[in-house]
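# Coordinate inspection notes
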2 protein chains.
Amino acid sequence: MGPQTDDDGGRKMFMEFPYVSAPYRDLMVDLVSTMESRLGPYLLPCTLPPDVQYYHNRTNTAFGTLHIRSGIKPSHIDFVFGSWLHCKLPSGALNITSLSAYLSPSTDAPNFLIELIQSSPTSLVLILDLPPRKDLVLHPDYLQTFYEDTQLDKYRKQLDKIPEVRPYYSSSLYIRCSVSPTAILVCIETEPGRTERMEEIVRDHVSVIAKEVFGVWLDHCACGGREVGETDRARLAKRDLMFKSKSIEIDLGSSLPRLFGEEVATRVSGVIRDVFNI
Amino acid sequence: MGPQTDDDGGRKMFMEFPYVSAPYRDLMVDLVSTMESRLGPYLLPCTLPPDVQYYHNRTNTAFGTLHIRSGIKPSHIDFVFGSWLHCKLPSGALNITSLSAYLSPSTDAPNFLIELIQSSPTSLVLILDLPPRKDLVLHPDYLQTFYEDTQLDKYRKQLDKIPEVRPYYSSSLYIRCSVSPTAILVCIETEPGRTERMEEIVRDHVSVIAKEVFGVWLDHCACGGREVGETDRARLAKRDLMFKSKSIEIDLGSSLPRLFGEEVATRVSGVIRDVFNI
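Within any chain, residue numbers begin from 1 and follow the written order of that chain's sequence. Note on labels: chains are lettered from A, ligands numbered from 1, in written order. The predicted nature of this model means local features are confined to residues of pLDDT at least 70 and side-chain atom pairs, given and counted, to a pLDDT of 80 or more, with totals for whole chains, interfaces and linings taken over all residues. Hydrogen atoms and water are omitted, and side-chain values are computed over all heavy atoms in the structure.

## Remarks on the sheet that holds strand β1 (residues 54-56) of chain A
Residue and element names in this part refer to chain A. Here eight strands make up an open sheet; going across it, the order is β1-β2-β3-β4-β5-β6-β8-β7 and the pairing antiparallel. The sheet is open, and its two borders are formed by β1 and β7 (165-167), each paired with just one other strand. With direction set aside, neighbouring strand axes in the sheet form an average angle of 15 degrees. By definition, two strands form a pair when at least two bridges between them are found by DSSP. Per the convention used, a helix needs a DSSP run of H or I reaching at least four residues, while a strand needs a run of E reaching at least two, with both numbered from the N terminus. Bridge count for strand β2 (residues 62-70) against strand β3 (residues 77-89) is nine bridges, and the pairing is antiparallel. Lines fitted to C-alpha atoms define the axes here, with helix axes fitted over just the stretch in contact, and angles between the N-to-C directions of these axes take values from 0 to 180 degrees.

## Describing the side chain of R176(B)
Looking at the secondary structure, you find R176(B) in helix α6 (residues 173-178). Looking at R176(B), its side chain comes within polar contact range of the main-chain oxygen of P181(A), at 2.7 Å. Each residue touching R176(B), except ones within four places of it in the same chain, is listed here: D153(A), R156(A), P181(A), T182(A), Y169(B) and S170(B). The definition of a polar contact used here is a pair of N or O atoms within 3.5 Å, where within protein one atom must be able to donate a hydrogen and the other to accept one, and adjacent residues in sequence count solely through side-chain atom pairs. Whether two residues are in contact is decided by their heavy atoms: any pair within 4.5 Å suffices.

## Some thoughts on the confidence of the model for chain A
Low pLDDT marks regions whose predicted coordinates should not be analysed in detail. Residues and elements named next belong to chain A. When pLDDT is averaged across chain A, the result is 93; 97% of the residues are at 70 or more. On a range of 0 to 100, pLDDT expresses the predictor's confidence in each residue. For residues 1-6, every residue scores under 50 in pLDDT, and the model assigns this stretch 18 contacts once sequence neighbours within four places are set aside. Predicted as a complex, the structure gets a pTM of 0.94 and an ipTM equal to 0.94.

## A closer look at the relation of the copies chain A and chain B
Only residues with pLDDT of at least 70 in both copies count here: their C-alpha atoms drive the least-squares fit that superposes the copies. When chain A is fitted to chain B, the residual RMSD is 0.0 Å, and the transformation amounts to a turn of 180 degrees plus an axial shift of 0.0 Å. Taken together, the rotation and translation describe the operation of a two-fold axis. It is D135(A) whose C-alpha, among those of chain A, lies nearest the rotation axis, at 2.8 Å. A shared interface surface links the copies, since 100% of the contact residues of chain A are contact residues in chain B too.

## Topic: the interface of chain A and chain B
Each partner contributes to the interface: chain A provides 24 residues, whereas chain B provides 24 residues. Here the quantity called buried area is the total loss of accessible area, with a 1.4 Å probe, experienced by two parts when brought into contact, counted for both. In this assembly, chain A packs against chain B so that about 2,400 Å² is buried in total across both faces, 70% of it on carbon and sulfur atoms. By the criterion of area lost to chain B, the three top residues of chain A are V137(A), L138(A) and L173(A), representing 26% of everything that side buries. The salt bridge criterion pairs a side-chain nitrogen of Lys or Arg with a carboxyl oxygen of Asp or Glu, the two atoms within 4 Å. For the interface between chain A and chain B, the tally reads four salt bridges. Where D153(B) meets R176(A), a salt bridge forms, and the shortest distance between an N and an O atom there is 2.7 Å. Here chain A is connected to chain B by eight residue pairs in polar contact (both at pLDDT 80 or more).

## Concerning the state of the cysteines
As used here, a disulfide is simply a covalent bond connecting the sulfur atoms of two cysteines. Residue and element names in this part refer to chain B. Disulfides are defined as pairs of cysteine sulfur atoms found within 2.5 Å of each other. The tally for this structure, following the rule as stated, stands at zero disulfides over all chains. Free cysteine C187: the closest other cysteine sulfur is in C87, separated by 19 Å. Note on classification: 1.4 Å probe, protein chains only; a residue is buried when its accessible area is under 20% of the maximum for its type, exposed when over 50%, partly exposed between these limits. Note on C187: relative accessible area 16%, which makes it buried.

## Regarding unusual backbone geometry
Following K73(A), the chain continues into P74(A) via a peptide bond in cis, with omega recorded as 0 degrees. Residues other than glycine seldom take positive phi values, yet N277(B) does so here, at roughly 60 degrees. When you line up the elements, N277(B) lands in the segment after α10 (262-276).

## Some words on the sheet that holds strand β4 (residues 92-103) of chain B
Residue and element names in this part refer to chain B. Overall, antiparallel pairing links the eight strands, which are arranged β1-β2-β3-β4-β5-β6-β8-β7 in an open sheet. Taken across any chain shown, the strands that pair with only one partner, and hence form the sheet edges, are β1 (54-56) and β7 (165-167). Taken pair by pair, the neighbouring strands of this sheet meet at an average axis angle of 15 degrees, ignoring direction. Across three bridges, the pairing between β7 and strand β8 (residues 184-189) is antiparallel. The residue bridging V165 from the neighbouring strand is I188, located in β8. Packed onto the sheet, helix α1 (residues 8-16) meets β1, β2 (62-70) and β3 (77-89) and runs at close to 125 degrees relative to β2. Where helix α7 (residues 195-222) meets the sheet, it contacts β3, β4, β5 (112-120), β6 (123-129) and β8, and its direction lies at approximately 15 degrees from that of β6.

## Focus: helix α2 (residues 22-39) of chain A
By definition here, a helix of n residues has an expected span of 1.5 Å times n minus one. Across its 18 residues, α2(A) extends 25 Å between first and last C-alpha, which sits within 8% of the 26 Å expected from 1.5 Å per residue. The complete set of buried residues in α2(A) reads P23(A), Y24(A), L27(A), M28(A), L31(A), V32(A), M35(A), E36(A) and L39(A).

## Focus: the side chain of D129(B)
By secondary structure assignment, the location of D129(B) is in strand β6. Positive charge is attributed to Lys and Arg, negative charge to Asp and Glu, and no charge count is given to His or to the chain ends. Notably, D129(B) is buried but unbridged: the nearest opposite-charge side chain belongs to R176(A), and the N-O separation is 9.4 Å. A polar contact is formed between the side chain of D129(B) and the side chain of S180(B), at a distance of 2.6 Å. When sequence neighbours within four positions are dropped, the list of residues in contact with D129(B) reads N111(B), F112(B), L113(B), V179(B), S180(B), T182(B) and A183(B).

## Focus: the pattern of salt bridges
Summed over all chains, the structure comprises 40 salt bridges over all chains. What you see here is one network of salt bridges that share partners, running through D108(A), K134(A) and R226(A).

## So, the pairing of strand β4 (residues 92-103) of chain A
Each regular strand displays side chains that alternate between the two surfaces of the sheet. Residues and elements named next belong to chain A. Among the twelve residues that make up β4, ten are buried, leaving the element largely enclosed by the rest of the structure. In this structure, β3 lies alongside β4, joined through twelve bridges in antiparallel fashion. Pairing of L85 across the sheet is with I96, part of β4. Hairpin geometry of β3 and β4 is characterised by an intervening segment of two residues between the two adjacent antiparallel strands.

## Some thoughts on the pairing of strand β5 (residues 112-120) of chain A
Residue and element names in this part refer to chain A. Sheet topology places β4 next to β5; seven bridges connect them, and they run antiparallel. Bridging across to β5, S100 finds its partner in L113. With seven bridges joining them, β5 and strand β6 (residues 123-129) adopt antiparallel strand pairing. Bridge assignment links L116 to a residue of β6, and that residue is L126.

## Topic: helix α1 (residues 8-16) of chain A
Residues and elements named next belong to chain A. Listed as buried for α1 are G10, R11, F14 and M15. Angularly, the buried residues of α1 cover 125 degrees about the axis, an arc narrow enough to put them on a single face. Exposed residues pointing more than 90 degrees away from the buried face of α1 are listed as G9 and K12. This arc is built from the directions going out from the helix axis to the C-beta atoms.

## Quick notes on the packing of α2(A) against helix α7 (residues 195-222) of chain A
Residue and element names in this part refer to chain A. The contact between α2 and α7 brings their axes to 9 Å, and the two run at 15 degrees. Here α2 is positioned roughly parallel relative to α7, judged by the angle of their axes. The two elements α2 and α7 cross, and the hand of that crossing is right-handed. Taken together, the residues that form the contact of α2 with α7 break down as 14 nonpolar, two polar and six charged. Relative orientations are named as follows: roughly parallel for angles under 35 degrees, roughly antiparallel for angles over 145 degrees, roughly perpendicular for angles from 65 to 115 degrees, and oblique for any other angle. Handedness of each helix crossing follows the sense of rotation of the near helix against the far helix: counterclockwise by less than a right angle gives left-handed, clockwise gives right-handed. Residue polarity is assigned by list, with Asp, Glu, Lys and Arg as charged and Ala, Val, Leu, Ile, Met, Phe, Trp, Tyr, Cys and Pro as nonpolar; anything else, Gly included, falls into the polar class.

In structure tokens form, the structure reads like this:
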């Protein structure tokens with residue numbers, strides 16, 4: 001990300017977050033800008049086709065953007081992945097905003113993921129995690145380094161104190177088992193009509209915590225300089241590939257065709273599969 | 001387990017569950033008896049020394065039993081492990097009752113675990129799970145076989161509907177990451193003095209669900225006949241050993257010395273380490 005002549009249009013569109021309110025937009029713009037300033041030198045420009053950087057359905061009730069930048073080889077960054085989508089549904093508007101970063105098999109440090117799913121102005125699902133890239137049961141030293149020593153659990157506990165916050169269980173067991181034991185997976189619901197309370201929670205709590213967790217990831221994972229040897233790389237690459245492939249299947253497999261129609265879904269997910277090398 | 005001349009005394013003591021009320025005792029006796037009748041032919045008698053099958057502290061305020069039976073080689077059972085402990089503490093009585101079963105590396109099917117931690121008559125932590133023995137992110141087919149196809153998540157959802165039930169987060173991140181995505185990790189609290197409501201929940205919900213989950217484990221895991229080849233066995237054995245070793249460290253490392261004193265803790269955990277081969 002960062003100003004690039006060939007993708008300025010797409011970046012601009014992505015960074016507008018036009019369908020969500022200020023606290024959400026401010027958070028996402030902050031995270032993306034921080035990512036750009038810290039990781040920019042290691043990232044290629046976004047080269048997605050314009051009709052994948054921005055796409056919509058035939059009836060103009062569903063809109064989406066995709067902003068993907070691959071890491072410059074041999075950096076530790078595989079790619080960073082930003083997206084938002086907005087759909088007018090009979091039940092109201094659905095807004096999904098996400099930013100994730102996948103590291104390459106030259107390091108075994110965890111990835112980063114934030115996803116905000118708003119099914120109404122008073123209902124938010126937040127997924128915020130550093131998904132591990134190794135089996136934590138077999139590698140307690142990895143758990144110690146990235147999750148215990150970094151004290152990530154305190155952010156989960158902090159958010160848990162807010163009365164409107166409840167645990168969220170993804171309907172996908174694969175998503176549930178791919179997150180870390182300090183993952184924040186919560187559903188936040190304010191009383192009907194109390195939109196300002198939801199925005200207060202996002203501004204004063206979710207944003208603060210998301211930026212802190214992202215800071216931990218930048219310092220200890222993306223820029224932590226943890227290298228792995230050749231044998232481990234092959235193993236990591238295999239696990240990474242499985243994770244990316246399953247994530248795509250779960251995230252896009254059913255929702256994209258349903259929200260955007262088969263043609264758009266095929267185009268967008270085809271490009272994502274290319275980037276993911278799956 | 002099951003009547004054996006050389007361990008009848010220990011088994012009898014273990015099966016009495018003298019410090020917990022009827023609904024807890026009935027559940028445990030049912031689970032142990034079912035295990036004995038289904039797995040008995042594959043189990044050796046319990047050969048623990050008498051002062052490890054039953055132990056207490058110097059001041060007779062803390063009592064514990066341990067009932068371990070190893071699997072007959074080459075069965076799929078590594079060993080089954082039953083225990084209870086009762087401690088009079090300034091805050092009240094603590095009762096911990098557990099039953100677990102570890103399978104051997106000749107099969108990769110999940111283990112079984114139930115643990116009931118009562119810190120008062122109106123407060124219960126329940127851990128009920130089939131802990132996976134493979135990295136679920138790398139092996140989605142394993143997730144499908146043992147957790148999706150068996151519909152284990154419905155039991156978690158069922159219990160979640162009871163108003164007194166809240167999610168429980170173990171303070172150990174290792175425990176949190178070693179459980180499956182369908183694990184039941186809950187804290188149940190009834191109003192002060194409402195002991196009969198707690199017993200109703202244990203009898204009408206916890207017991208029913210625990211027996212069902214145990215049935216799934218018996219049918220699909222212990223007696224499922226899933227075999228693994230030589231290469232996978234070595235990998236499984238390595239992961240199993242790490243899991244057992246960390247579990248012992250977490251479970252016994254701090255609580256046994258604190259509750260029973262150094263001498264008893266050293267004796268009991270030494271014997272467990274022998275059985276666990278760690």
